Amino acid sequence: QVKLVESGGGLVQAGGSLRLSCAPSGSMFSINTMGWHRQPPGKQRELVATVTSRGNLNYADSVKGRFTISRDNAKNTVYLQMDSLKPEDTAVYYCYGDFPRGSTEFRYWGQGTQVTVSS
């Protein structure tokens, strides 16, 4: 069983920055796409950003220009640098990784980390 461990959430004022990290615990794995989703209070989970193993990036329109996703393939770690934070960025942030399994892949999720942006 793969476990993804997140860190870096917290409380920050509007305009501030936070950096989230996520990596699998235990043995090293080969991971295809990694990314972040978030779930604001009372709303559905939504895509934030993704990065493929080749470094292709994708962002939600709401975070473009403010958030930066990156990964360290040697450490199997994905990061989310969040700048110019807004109160509407308040959410539980979940990382995920798509792990190869033969001819297919399986997605594992982290436990979530709370990000709260005060106005």
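Our subject in this report is the structure included herewith. (Residues numbered from 1 in each chain as written. Predicted model: local features only at pLDDT ≥ 70, side-chain atom pairs only at ≥ 80, totals over all residues. Heavy atoms only, no water.)

## Some remarks on the packing of aromatic side chains
Right, on to step 1. One pass over the structure, following the stated rule, counts three aromatic pairs.
Right, on to step 2. Relative to Trp-109, the ring of Tyr-96 has its centre 5.2 Å away and its plane inclined at 50 degrees; by these criteria the two rings are tilted. Of this pair, Tyr-96 sits in strand S9 (residues 91-101) while Trp-109 is found in strand S10 (residues 104-109), placing the two residues 13 residues apart along the sequence.
Right, on to step 3. Accessibility expressed as a relative area gives 32% for Trp-109, which makes it partly exposed.
Right, on to step 4. Chaining the aromatic ring pairs together yields one cluster made of Phe-99, Phe-106 and Tyr-108. (Phe/Tyr/Trp six-rings, centres within 6.5 Å; stacked < 30°, edge-to-face > 60°. Helix = DSSP H or I, 4+ residues; strand = E, 2+ residues; numbered from the N terminus. Buried < 20%, exposed > 50% of the residue type's maximum accessible area, 1.4 Å probe, protein only.)

## Looking at the pattern of salt bridges
Opposite charge on two side chains makes pairing possible when the charged atoms of those side chains draw close.
Right, on to step 1. The tally for this structure, following the rule as stated, stands at five salt bridges.
Right, on to step 2. With its nearest N and O atoms 3.0 Å apart, the salt bridge here joins Asp-89 to Arg-38. In this pair, Asp-89 sits in the loop between strand S8 (77-82) and S9 while Arg-38 sits in strand S4 (residues 34-39), placing the two residues 51 residues apart along the sequence. Comparing Asp-89 with Arg-38 shows no difference in burial state: the two are buried.
Right, on to step 3. As a salt-bridge pair, Asp-61 and Lys-64 come within 3.1 Å of each other at their nearest N and O atoms.
Right, on to step 4. Residues participating in the shared-partner salt-bridge network are Arg-38, Glu-46, Arg-66 and Asp-89. (Salt bridge = Lys/Arg side-chain N within 4 Å of Asp/Glu carboxyl O.)

## Some words on the nonpolar core
Right, on to step 1. Counting 28 residues, the largest nonpolar core has Trp-36, Val-48, Phe-67, Ile-69, Leu-80, Met-82 and Tyr-93 as its most contacted members.
Right, on to step 2. Of all elements in the fold, only strand S3 (18-24), S4, strand S5 (46-51), strand S7 (67-72), S8, S9 and strand S11 (113-118) reach the threshold of two or more residues within this core.
Right, on to step 3. At four residues, S9 tops the list of elements feeding residues into this core.
Right, on to step 4. Here Val-48 is in contact with Trp-36, His-37, Arg-38, Asn-58, Tyr-59, Ala-60, Val-63, Phe-67, Leu-80 and Tyr-93, once residues within four sequence places are set aside. (Core = buried A, V, L, I, M, F, W, Y, C linked by side-chain atoms within 4.5 Å. Contact = heavy atoms within 4.5 Å.)

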